[in-house]
Amino acid sequence: MPSDLAPPLPIVAGVAGDPLLRAQRLERLRALDQRLTVAAHLPAPPRAAPPLDPLGRAADLARALGGTVVEGAGGPLVVVTESVRVPLDLPALAGLPLDIDPSRPLVLLDTETTGLGTAAGTVAFLVGVGRWAGASLEVRQLWLPDHAAEPALLDAIEALLPPAACLVTYNGRTFDWPLLVARYRLHRRAPPPLGAHLDLLTVARQLWRHRLTDARLVSVEAGVAHLRRHEDLPGALVPERFFAYLRDGSVRPLLAIGHHNREDVVTLGRLLQVLTQELAAGEARRMAHPGDVAALARLLRRRGRRDEAARCYEDALAACERPDAPRAVDAGAVALEHARLLARLGRREEARAIWQALTHRGGEVALHAWLALAKDREHHLRDPAGALAAAGEAERLLARRRAMGLFTADLERDLPGRLRRLRRRSAERQARAMPSRTSSVRSTSSTVL
């Protein structure tokens, strides 16, 4: 019905009622018409080149990197192989307290990824794998031409990891291997089983931390293996270069990534070589960095290999006596650790001789040596007077250091209570001895009378 219809809108004066606005609108329309006419006569844009098929992309990548294309069930893969001479003494490696069994195949592994996480969005597009063949380290780099070929990459990794192999990585226990395990599980596959996993980042922190500014692999190889890289690609630039390759197919930026990955794998082998050449044998240890040898002794001690640790401490002290030994290593502190271990092994006479010699060195070492003698005399020799004399020497040195503004927190807490206890025990012992001396004097007097 007409009454149900909405009321008409009011007429608002606009373009139709304003000649100036109408003229401006017509002028804009004429300009737009000219632009459309010019655009109609422009040549058509060139058609984008059709994307390469996966095999063609892999062939271009292999040609640029000097590798070969391996076609697998999961797609094409590019493999680059290089051999580097890195002789390794496997029996010597077996004597070190490392989480590794050299009787099993050693496999070095390093990855280059699209990010720093281990979630499903991060992919390893380059995996470097190193295995020994005699005195040479054969490095195989497995390149992923495209994400679709990842099953072929996982197949190749599994083929290069023999059953129960010993994997050697750098920070691989928390990054590289968990990432690969996640990729296997994402493809509903079980990861290859490992016999052992040696993460050299842990070894670097245990043995070489005392003389390195940080624990980055390039810092460790420069400070320990004495190798320096030139024009190395920073790791932060690796993902962007691979993404650029996926966008435009440019292979040249990937060359630096390949060099970086190959150097990482070779460095793993050279660090194992340093371990066997400098820290595996007694004579070699005496010529090695004394701080490294002392750190190895601590590691042996923590692993329960105390007799070996004691011999290693002896090698560390011998290394400290070399004329060219670094002065940054405190031989007195190493000797204190050695004496403490000897005491736990029941070789207390040797430990006492070391403590007694260290009391003549002065400083904090002498302070700890006097305290160790006080503990030994109190608890093992049952000599409270001797223990009190040693603790008194420690108190004298502690007061001197305190006057110089030097404080030793653990001794400041321990020594006062120890002195009070020793003085009380010494007084009690003297009191018990007094009646016997008195009765002896009385019996002597009666005999004389």
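Residues numbered from 1 in each chain as written. Predicted model: local features only at pLDDT ≥ 70, side-chain atom pairs only at ≥ 80, totals over all residues. Heavy atoms only, no water.

A. Just the overall build of the protein, in detail. Secondary structure summary: the protein contains 17 helices and seven strands in total. Evaluated residue by residue, the protein yields a buried proportion of 42% over its 449 residues. Partitioning the contacts of the protein with sequence separation of at least 6, the portion at a separation of at least 24 is 64%. A total of about 24,700 Å² of accessible surface is found on the protein, and carbon and sulfur atoms cover 56% of it. (Helix = DSSP H or I, 4+ residues; strand = E, 2+ residues; numbered from the N terminus. Buried < 20%, exposed > 50% of the residue type's maximum accessible area, 1.4 Å probe, protein only. Contact = heavy atoms within 4.5 Å. Areas by Shrake-Rupley, 256 points an atom, 1.4 Å probe, with all protein chains shown as cover.)

B. Quick look at the sheet that holds strand β2 (residues 75–85). Across the sheet, seven strands lie side by side as β1-β2-β5-β4-β3-β6-β7; this open sheet has mixed pairing. At either end of the open sheet lies a strand with only one pairing partner, and these are β1 (68–72) and β7 (194–199). Direction aside, neighbouring strands of the sheet carry axes that sit 30° apart on average. Pairing analysis gives three bridges linking strand β3 (residues 106–113) to strand β6 (residues 165–169), with the strands arranged parallel. Looking at β6, one finds that L108 is bridged to V168. (Pairing = 2+ DSSP bridges. Axes fitted to C-alpha atoms, helices over the stretch in contact; angles between N-to-C directions.)

C. Molecular detail of helix α11 (residues 290–302). Along its 13 residues, α11 runs 18 Å from first to last C-alpha, staying within 8% of the 18 Å computed at 1.5 Å per residue. For α11, the buried fraction is high: ten of the 13 residues fall into the buried class. Taken together, the buried positions of α11 are occupied by P290, G291, D292, V293, A294, A295, L296, A297, L299 and L300. Among the structural elements, α6 (200–207), α9 (254–279), α10 (282–286), α12 (306–320) and α13 (331–344) are those in contact with the buried residues of α11. Immediately downstream of α11, the backbone of G304 shows phi near 85°, a positive value. (Expected span 1.5 Å × (residues − 1).)

D. Local environment of the pattern of salt bridges. One pass over the full model with this rule turns up 32 salt bridges. Between R140 and E138 there is a salt bridge, with its nearest N and O atoms 3.6 Å apart. By relative accessible area, R140 is classed as partly exposed at 26%. Accessibility expressed as a relative area gives 27% for E138, which makes it partly exposed. Note that R298 is salt-bridged to E337, the shortest N-O span being 2.9 Å. Linking R298 in helix α11 with E337 in helix α13, this pair joins segments that are 39 residues apart in sequence. A residue is classified by how much of its surface remains accessible, and R298, at 25% relative accessible area, is partly exposed. (Salt bridge = Lys/Arg side-chain N within 4 Å of Asp/Glu carboxyl O.)

E. Highlighting α12. Here α12 contains 15 residues, and its C-alpha end-to-end distance of 21 Å stays within 8% of the 21 Å for a straight helix at 1.5 Å per residue. Restricting attention to buried positions, one finds in α12 the residues A309, A310, C312, Y313, D315, A316, L317, A319 and C320. Its buried side turned inward, α12 meets α10, α11 and α13.

F. Representation of the environment of A58 in the model. One can find A58 in helix α2 (residues 54–65). For the pair A58 and L144, spaced 86 residues apart in the sequence, the C-alpha separation amounts to 8.2 Å. If sequence neighbours within four positions are ignored, A58 has contacts with V69, P76, V78 and P145.

G. Region of interest: the packing of α13 against helix α14 (residues 348–358). At their nearest, the axes of α13 and α14 sit 8 Å apart, and the two run at 155° to each other. Considering their axes alone, α13 and α14 lie roughly antiparallel with respect to each other. Handedness of the α13/α14 crossing: left-handed. Between α13 and α14, the residues in contact are G332, A335, L336, H338, A339, R340, L342 and A343 and R348, E350, A351, I354, W355 and L358, respectively. (Parallel < 35°, antiparallel > 145°, perpendicular 65-115°, else oblique. Left-handed = near helix turned anticlockwise from the far one by under 90°.)

H. How the structure looks around the pairing of β7. Where β6 meets β7, five bridges bridge the pair, whose relative direction is parallel. Residue pairing for β7: L167 is matched across the bridge by H197.

I. View of the nonpolar core. Core analysis: the biggest nonpolar cluster contains 80 residues, and L200, L207, W208, L272 and L275 have the highest contact counts within it. At nine residues, the largest contribution of residues to this core is made by helix α15 (residues 363–379). When residues no more than four places from it in sequence are discounted, the contact partners of L207 are L275, L279, G291, D292, A295, L296 and L299. In this structure, V78, V80, F125 and F242 belong to the second largest nonpolar core, which totals 42 residues. (Core = buried A, V, L, I, M, F, W, Y, C linked by side-chain atoms within 4.5 Å.)

J. Spatial organisation of the side chain of H338. Relative to the assigned elements, H338 resides in helix α13. Setting aside chain neighbours within four positions, we find H338 in contact with A310, Y313, E314, L317 and I354.

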